Amino acid sequence: MEGYASSVGHVNAALKTRVDTSVLNVARSSLQAWHAAPILALYYRSGGRCRALRRRHGRGDAYVALRDAELRRAHERAAPRLAAMVEALGCGYIKFSQFLLSQGAAIPAAWVRELGFAYERVAPRPWAEVEPWIAEAVDMASFQNFERAPLAAASVGQVHRATVVAGAPRGG
């Protein structure tokens with residue numbers, strides 16, 4: 001999972017340096033494919049096993065029960081990888097997973113369990129990554145103190161405690 005996060009960091013760094021958008025799009029698409037390929041391969045293999053079950057058992061109740069069990073196993077194996085991919089690819093993917101989770105019974109139970117972090121425990125971005133964004137948005141000289149450790153993190157942002165030079169705390 002650390003490799004995922006560092007590769008996303010490189011792509012996000014490219015965003016901040018305003019790299020040519022076509023190069024950035026290729027980099028982002030490659031990163032998405034790198035994450036998605038193992039998940040898609042897992043489901044492809046599972047589909048092959050389901051087709052073999054149908055050949056062996058026909059389309060009766062036995063086949064349906066075996067197919068459903070195979071799909072549950074595939075969801076169980078894919079769910080942690082899917083969650084790692086969503087977390088590594090960041091904000092937009094976390095938001096999309098929150099939308100998926102709102103769909104209830106349409107989503108496999110394993111996915112719901114693994115993607116629950118999108119509501120509960122989004123990892124904060126490291127200070128080295130967010131400092132340039134904060135510095136671009138506000139004048140850092142106007143703060144007496146700006147805590148590097150976030151108070152909270154969410155899918156599209158995080159909260160840091162800060163004290164303005166005049167001494168009046170803001171937002172806390």
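Read on for an overview of the structure. Residue numbers restart at each chain and count upward from 1, following the sequence in its written direction. pLDDT decides what is reported in this predicted model: residues at 70 or higher carry local features, side-chain atom pairs at 80 or more are listed and counted, and totals for whole chains, interfaces and linings draw on all residues regardless. The side-chain values count all of the structure's non-hydrogen atoms but skip hydrogen atoms and water molecules.

**Describing the overall build of the chain**
- Counting from the N terminus, the helices are DSSP H or I runs at least four residues long and the strands are E runs at least two residues long. For the chain, the count of helices and strands is seven helices and five strands.
- In sequence order, the chain lays out its α and β elements as α-α-α-α-α-α-α-β-β-β-β-β.
- Type-normalised accessible area, obtained with a 1.4 Å probe on protein chains alone, sets the label of each residue: buried when under 20%, exposed when over 50%, and partly exposed for intermediate values. The buried share among the 172 residues of the chain stands at 31%.
- Note on contacts: a residue pair is in contact if any heavy atoms of the two residues lie within 4.5 Å. Put simply, of all contacts in the chain between residues at least 6 apart along the chain, 52% involve residues at least 24 apart.
- Using a 1.4 Å probe, the Shrake-Rupley method yields the accessible areas, and only the shown protein chains count as cover for residues. Just so you have it, the chain exposes about 10,800 Å², and 59% of that area is on carbon and sulfur atoms.

**Brief notes about the pattern of salt bridges**
- The salt bridge criterion pairs a side-chain nitrogen of Lys or Arg with a carboxyl oxygen of Asp or Glu, the two atoms within 4 Å. Going through the model one piece at a time under the given rule, you end up with six salt bridges.
- Of the charged contacts, one joins Arg49 and Glu70 as a salt bridge, the two residues approaching to 2.9 Å between their closest N and O atoms. Placement of Arg49 in helix 2 (residues 21–57) and of Glu70 in helix 3 (residues 61–89) is noted, with a sequence separation of 21 residues between them.
- A salt bridge links Asp68 to Arg67, with the shortest nitrogen-to-oxygen separation between them at 3.1 Å.
- On the basis of relative accessible area, Asp68 is assigned to the partly exposed category, the value being 29%.
- Looking at Arg67, the relative accessible area reads 26%, which means it is partly exposed.
- Linked through salt bridges whose partners overlap, the residues forming this network are Arg49, Glu70, Arg73 and Arg77.

**Concerning helix 7 (residues 127–137)**
- Considered for burial, the residues of helix 7 that qualify are Trp127, Glu129, Val130 and Ile134. For helix 7, the angular spread of the buried residues around the axis is 150 degrees, confining them to a single face. For helix 7, the exposed residues set more than 90 degrees away from the buried face come down to Ala128 and Glu136. As used here, the arc belongs to the directions running from the helix axis to the C-beta atoms.

**Examining the packing of aromatic side chains**
- In summary, the pairing rule links any two rings of Phe, Tyr or Trp, Trp by its six-membered ring, whose centres are within 6.5 Å, and it sorts them by plane angle into stacked for under 30 degrees, edge-to-face for over 60 and tilted for everything else. Overall, the coordinates contain two aromatic pairs when judged by the stated rule.
- Relative to Phe146, the ring of Trp127 has its centre 5.7 Å away and its plane inclined at 45 degrees; by these criteria the two rings are tilted. Here Phe146 lies in strand 1 (residues 143–146) and Trp127 lies in helix 7, a separation of 19 residues in the sequence.
- Relative accessible area serves as the criterion here: at 18%, Phe146 is assigned to the buried category.

**Examining the nonpolar core**
- Note on terminology: a nonpolar core comprises buried Ala, Val, Leu, Ile, Met, Phe, Trp, Tyr and Cys residues joined through side-chain atoms within 4.5 Å. Counting residues in each nonpolar core, the largest one holds 21 residues, and the members touching the most others are Leu82, Ile94, Trp111, Leu115 and Phe117.
- For this core, the elements supplying multiple residues, two or more each, are helix 2, helix 3, helix 4 (91–101), helix 5 (109–115) and helix 6 (117–120).
- For this core, the element with the most residues is helix 3, which contributes eight residues.
- Beyond its immediate chain neighbours, meaning those up to four positions away, Trp111 contacts Tyr43, His75, Ala79, Leu82 and Leu101.
- Grouped together as the second largest cluster of nonpolar side chains are five residues, Trp127, Val130, Ile134 and Phe146 included.

**Brief notes about helix 3**
- What a helix should span is 1.5 Å times the count of its residues minus one. The terminal C-alpha atoms of helix 3, which comprises 29 residues, lie 40 Å apart, in line with the 42 Å expected from a rise of 1.5 Å per residue.
- Its maximal kink placed at Ala78, helix 3 deviates by approximately 35 degrees, while the proline Pro80 follows within four residues. Fitting one axis to the seven residues ending at a residue and another to the seven starting there, the bend at that residue is the angle between the two axes.

**Describing the environment of Tyr63**
- Turning to its location among the elements, Tyr63 is positioned in helix 3.
- Classification of Tyr63 as buried rests on a relative accessible area of 8%.
- Considering only alpha carbons, one finds Tyr63 and Leu53, 10 residues apart in sequence, at a separation of 6.4 Å.
- Beyond its immediate sequence surroundings of up to four residues, Tyr63 is in contact with Cys50, Leu53, Arg54, His57 and Gly58.

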